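So the chains spell out like this:
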Amino acid sequence: MYIRKVQAFSLLMLIMSLSSLMIVHTALADNDSEDKHQGEHNSEAMLRLLNYTRLKAKATLSFLETVYGDIPEDITYAYETALSLCKLAEAAFEEGNYSECIRLSFQALNSFK
């Protein structure tokens, strides 16, 4: 039963991650100019992607909890780690540290996988 839960969760998260990652290239490449706001623009795009992924992950976990009754600890831990990284990315953005925001956003996206 546990293996089925993990397999179902992994498949749903893989589909969600692939759809999210297809957006990343567009989010980071849609501003080819070298203006001083490019870092801010790219960071905002990453935070939007991160929020979208967070909502999808939350919905997936809710669905799995409804179907199977509980979520394995390792999956819950990965989700909580991703949420912590989201908060750190948002704080870096607020501080104007856009490169750190993007770095933390990628880490969060990887944790959501």
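Look a little higher up for the structure.
These figures come from a predicted structure and were not determined experimentally.

Caption draft 1: Up close: the overall build of the chain. Per the secondary structure count, the chain includes 4 helices and 0 strands. When the helices and strands of the chain are read in sequence order from the N terminus, they spell out α-α-α-α. Burial status across the chain gives 33% buried among its 113 residues.

Caption draft 2: A look at the packing of aromatic side chains. Evaluated as defined, the whole model comprises 2 aromatic pairs. Judged by centre distance (5.5 Å) and plane angle (55°), the ring pair of F93 and Y98 falls under tilted. Judged by relative accessible area, which is 15%, F93 ranks as buried. Y98 sits in the partly exposed class, given a relative accessible area of 24%.

Caption draft 3: Geometry of the packing of helix α3 (residues 73–94) against helix α4 (residues 98–112). As a packed pair, α3 and α4 sit with axes 8 Å apart at the nearest point and diverge in direction by 165°. Compared by their axis directions, α3 and α4 come out roughly antiparallel. As for how α3 packs across α4, the hand of that crossing is left-handed. The segment α3 lies against α4, with A78, Y79, T81, A82, L83, L85, C86, L88, A89, A92 and F93 engaging Y98, E100, C101, L104, S105, Q107, A108, S111 and F112. When the residues that make up the contact of α3 with α4 are grouped by side-chain class, the tally is 15 nonpolar, 4 polar and 1 charged.

Caption draft 4: Region of the structure containing the nonpolar core. Counting 20 residues, the largest nonpolar core has L47, L50, A89, C101 and F112 as its most contacted members. Looking at this core, the elements with two or more residues in it are α2 (38–68), α3 and α4. The dominant element in this core, judged by the number of residues it contributes, is α3, at 8 residues.

Caption draft 5: Broad picture of the pattern of salt bridges. All told, the structure shown has 1 salt bridge when counted by the stated rule. Between R103 and E100 there is a salt bridge, and its shortest N-O distance comes to 2.6 Å. Of this pair, R103 and E100 are both found in helix α4, 3 residues apart, which corresponds to roughly one turn of the helix. Relative accessible area serves as the criterion here: at 39%, R103 is assigned to the partly exposed category.

Caption draft 6: Seen up close, the packing of α2 against α3. Their axes nearest at 11 Å, the elements α2 and α3 cross at an angle of 155°. Of the possible angle classes, the one that applies to α2 and α3 is roughly antiparallel. Handedness of the crossing formed by α2 with α3: left-handed. The segment α2 lies against α3, with E40, S43, E44, L47, L50, R54, A57, K58 and L61 engaging I75, Y79, L83, C86, A89, E90 and F93.

What counts as what
Residues numbered from 1 in each chain as written. Predicted model: local features only at pLDDT ≥ 70, side-chain atom pairs only at ≥ 80, totals over all residues. Heavy atoms only, no water. Helix = DSSP H or I, 4+ residues; strand = E, 2+ residues; numbered from the N terminus. Buried < 20%, exposed > 50% of the residue type's maximum accessible area, 1.4 Å probe, protein only. Phe/Tyr/Trp six-rings, centres within 6.5 Å; stacked < 30°, edge-to-face > 60°. Axes fitted to C-alpha atoms, helices over the stretch in contact; angles between N-to-C directions. Parallel < 35°, antiparallel > 145°, perpendicular 65-115°, else oblique. Left-handed = near helix turned anticlockwise from the far one by under 90°. Contact = heavy atoms within 4.5 Å. Nonpolar A, V, L, I, M, F, W, Y, C, P; charged D, E, K, R; others polar. Core = buried A, V, L, I, M, F, W, Y, C linked by side-chain atoms within 4.5 Å. Salt bridge = Lys/Arg side-chain N within 4 Å of Asp/Glu carboxyl O.

Purely geometric stuff here, so don't read any function into it on its own.
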